[in-house]
Amino acid sequence: MAESNHLSPGWNLPAGEALLQDVFGIVMEEIVRKGTDASEKVCEWKEPEELKKLLDLELRSHGEKQEQILDRCRTIIQYSVKTCHPRFFNQLFSGLEPHALAGRIITETLNTSQYTYEIAPVFVLMEEEVLKKLRALVGWSSGDGVFCPGGSISNMCALNLARYQRYPDCKQRGLRALPPLAIFTTQESHYSLQKGAAFLGMGTDSIRLVKADERGKMIPEDLEKQINQAEAEGAVPLFVSATSGTTVLGAFDPLEAIANVCQQHGLWLHVDAAWGGSVLLSQTHRHLLDGIERADSVCWNPHKLLATGLQCSALLLRDTSNLMKQCHGAQATYLFQQDKFYDVSLDTGDKVIQCGRRVDCLKLWLMWKAVGGSALEQRVDWAFTLTRQSM
């Protein structure tokens, strides 16, 4: 057996291996098997006070025996919502894809951070290949991108990039370098745009709501009207956020017409395709996103329609000028030394707003490798078939 004297105090390798084997067994039985069985409950619901007592959440100075820890694992699973259950319909993510789950297990076990090639060589190369494939599906032969911690952060980063491209001085001078800016979207869009405008100091008042039709789609003529009104009021139109697959209605905004308006006025076009981006895999339905190749940025969450598991959110850029690194980079010398023994352009961590960044590409890559793009296309088409059957 391998030497274990380098392990943390209180950590016993054989006992740890036994614990993990037992936990994996519980996971297989209680989540993978029972959690996907339609005859089982989606959730055994308890009110908060009762649930607190059942869980015994208090943290104490002494540890517990392994059997008690295993019981706690069973209890946690028992009272948790099984999002892999066939009758879980609450959010836009669901299902259990075994290859993606295998990727998530490997990711968690390796526990690395995707900021430099030296610490995550496999995943730096893998992420770029996955992003290249997603960009190609959008319609771009080049560009940039990164996996973000969720669609909200992807949308927020897109807004920040648009602002930096127009007003690069804002990185150093902040809001002093900016005139009043105007952001355009519909009431049907995701609330992350409001949070992003507030977080970036632009304020929620900078958001101008464009009218949507009875199906929830943005009306391009009203976008034109709102842009002209913003200019008349002294604001500078900056950013249009269209949606491909709105949260409530599942609407796809008319991207070609919106892109025409953006091109005419010189505005950054972002497409929030967090839910609907995976429709690009379908030859039958990808017409719903016609014009997406004209966008400046796209948010796409494979953890929704493709069931890769949380979280898996790609921010894709058409830009090839290294805008993302210029905007977000801080050149921390203890991480991003320029005299390393490999191509330092592989150190992608300085182009994101985080330092530590989890690996989100493996689960998608492994699933895609296992089933192929044609099977993913069938999954998307089947989802559309189910919607028609339920109407």
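Just so you know, the residues in each chain are numbered from 1, in the order the chain's sequence is written. In keeping with the model being predicted, local features are shown solely for residues with a pLDDT of at least 70 and side-chain atom pairs are shown and tallied solely at 80 or more, while totals for entire chains, interfaces and linings include all residues. Side-chain calculation: all heavy atoms of the structure are included, whereas hydrogens and water are not.

Under an unreviewed UniProt entry, the protein has the name Cysteine sulfinic acid decarboxylase isoform X3 and belongs to Phascolarctos cinereus. The Subunit (unreviewed entry) field of the UniProt record for the protein holds the comment "Homodimer." As stated in UniProt under Sequence similarities (unreviewed entry), the record for the protein gives "Belongs to the group II decarboxylase family." UniProt positions are given in the numbering used here, feature names are shortened, and annotations may be inferred rather than shown by experiment.

Axes are the key here: two packed helices are described by the angle between their axes and the distance separating the axes. An axis is simply a line fitted to the C-alpha atoms; with a helix, the fit covers only the stretch in contact. Between two such axes, the angle follows the N-to-C directions and lies from 0 to 180 degrees. Elements are defined by DSSP. Helices are runs of H or I of four residues or more, strands are runs of E of two residues or more, and each kind is numbered from the N terminus. Two elements in contact, helix α1 (residues 13–33) and helix α3 (residues 66–78), have axes whose closest approach is 10 Å; the angle formed by their N-to-C orientations is 25°. Relative to α3, the element α1 is oriented roughly parallel. As for the relative orientation of α1 and α3, their crossing is right-handed in sense. Side by side, α1 and α3 meet where Ala 15, Ala 18, Leu 19, Asp 22, Val 23, Ile 26, Glu 30 and Ile 31 of the first sit next to Gln 66, Ile 69, Leu 70, Cys 73, Arg 74 and Ile 77 of the second. Considering only residue class, the contact of α1 with α3 consists of 10 nonpolar, one polar and three charged. Roughly parallel covers angles under 35 degrees, roughly antiparallel covers those over 145, roughly perpendicular covers 65 to 115, and oblique covers all other angles. Helix crossings are classified by the rotation of the near helix relative to the far one: an anticlockwise turn of less than a right angle makes the crossing left-handed, while a clockwise turn makes it right-handed. The contact criterion used throughout is that any non-hydrogen atoms of two residues lie within 4.5 Å. Classification convention: Asp, Glu, Lys, Arg as charged; Ala, Val, Leu, Ile, Met, Phe, Trp, Tyr, Cys, Pro as nonpolar; all other residues, Gly among them, as polar.

Moving on, we get to the pattern of salt bridges. Salt bridge criterion: a side-chain nitrogen from Lys or Arg within 4 Å of a carboxyl oxygen from Asp or Glu. For the structure on display, the rule yields 22 salt bridges. Between Glu 29 and Arg 33 there is a salt bridge; the shortest N-O distance is 3.0 Å. Here Glu 29 and its partner Arg 33 are both found in helix α1, four residues apart, which amounts to about one turn of the helix. Accessibility expressed as a relative area gives 32% for Glu 29, which makes it partly exposed. Each residue is placed in one exposure class: buried if its accessible area under a 1.4 Å probe, protein chains only, is under 20% of its type's maximum, exposed if it is over 50%, and partly exposed if it falls in between. Overall, the relative accessible area of 48% leaves Arg 33 in the partly exposed class. Between Glu 256 and Arg 294 there is a salt bridge whose closest N-O contact spans 2.8 Å. In this pair, Glu 256 sits in helix α10 (residues 255–265) while Arg 294 sits in the loop between β5 (268–273) and β6 (297–300), placing the two residues 38 residues apart along the sequence. Overall, the relative accessible area of 34% leaves Glu 256 in the partly exposed class.

In terms of residue burial, strand β4 (residues 236–243) counts as a mostly covered element, since seven of its eight residues are buried. In short, DSSP must find at least two bridges between two strands for them to pair. Note: β4 against β5, five bridges, orientation parallel. The residue bridging Thr 243 from the neighbouring strand is Asp 272, located in β5. By convention, a crossover is right-handed whenever its connection, traced from the first strand over the helix to the second and viewed with the strands pointing away, goes clockwise. At this point the chain moves from β4, through α10, to the parallel β5, and the crossover so formed is right-handed.

Quick look at the side chain of Lys 82 now. With respect to the element layout, Lys 82 can be found in the loop between α3 and α4 (98–110). When charges are counted, Lys and Arg are positive and Asp and Glu negative, with His and the chain ends excluded. Look at Lys 82: it is buried, it has no salt bridge, and the nearest opposite charge is Glu 44 at 7.1 Å. A polar atom in the side chain of Lys 82 sits 3.4 Å from the backbone oxygen of Gln 78. The contacts of Lys 82, once residues within four sequence positions are left out, are Glu 30, Gly 35, Lys 41, Val 42, Ile 77 and Phe 88. N or O atoms within 3.5 Å of each other form a polar contact, as long as, within protein, one can give a hydrogen and the other can take it, and as long as residues adjacent in sequence are counted only when both atoms are side-chain atoms.

Think of it this way: a Phe, Tyr or Trp ring, Trp meaning its six-membered ring, pairs with another when their centres are within 6.5 Å, and the plane angle makes it stacked under 30 degrees, edge-to-face over 60, tilted otherwise. According to the stated counting rule, one finds four aromatic pairs in the structure shown. Their ring planes at 55° and their centres at 5.1 Å tell us that Tyr 117 and Tyr 342 sit as a pair that is tilted. With Tyr 117 in the loop between α4 and α5 (121–138) and Tyr 342 in the loop between α12 (323–328) and α13 (362–390), this residue pair connects regions lying 225 residues apart in the sequence.

A few words now on unusual backbone geometry. With an omega of -5°, the peptide bond between Leu 310 and Gln 311 qualifies as cis. Residue position: Gln 311 is located in the loop between α11 (302–305) and β7 (313–317). Phi angles above zero are rare outside glycine, and Asn 322 is one such case at about 65°. Position of Asn 322 among the secondary structure elements: in the loop between β7 and α12. Given the relative accessible area of 37%, Asn 322 is considered partly exposed. Even without being glycine, Gln 331 reaches a positive phi, approximately 50°. Relative to the helices and strands, Gln 331 resides in the loop between α12 and α13.

At 3.6 residues per turn, the α-helix brings residues three or four places apart onto the same side. Under the 1.5 Å per step criterion, the end-to-end length of α4 is 18 Å for 13 residues, consistent within 8% with the ideal 18 Å. What α4 keeps buried is the set Ala 100, Leu 101, Gly 103 and Thr 107. Looking down the long axis of α4, one finds its buried residues gathered within 155° of arc, a one-sided arrangement. Along α4, the residues that are exposed and aim more than 90 degrees away from the buried face are Pro 98 and Thr 109. At the N-terminal end of α4, a side-chain oxygen is found 2.7 Å from the backbone nitrogen of His 99, two or three residues along, and the residue is Glu 97. Immediately beyond the C-terminal end of α4, within one or two residues, lies Asn 111, with a positive phi of roughly 50°. Each helix should span, by expectation, one fewer than its residue count multiplied by 1.5 Å. To obtain the arc, one takes the directions from the helix axis to the C-beta atoms.

The subject of this paragraph is the nonpolar core. In this text, buried Ala, Val, Leu, Ile, Met, Phe, Trp, Tyr and Cys residues form a nonpolar core when linked through side-chain atoms within 4.5 Å. If you look at the biggest cluster of nonpolar residues, it comprises 55 residues, and the most contacted ones within it are Phe 147, Phe 184, Leu 223, Val 240, Leu 269, Val 298 and Leu 316. Here the element with the most residues in this core is α5; it accounts for eight residues. In contact with Leu 269, not counting residues within four places along its chain, are Val 240, Ala 242, Ile 258, Ala 259, Cys 262, Arg 294, Ala 295, Asp 296 and Ser 297. Counting 29 residues, the second largest nonpolar core, distinct from the first, contains Ala 177, Leu 178, Ile 207 and Leu 323.

Structurally, the position occupied by His 303 is in helix α11. Of the polar contacts made by the side chain of His 303, one reaches the backbone nitrogen of Cys 312; its length is 2.9 Å.

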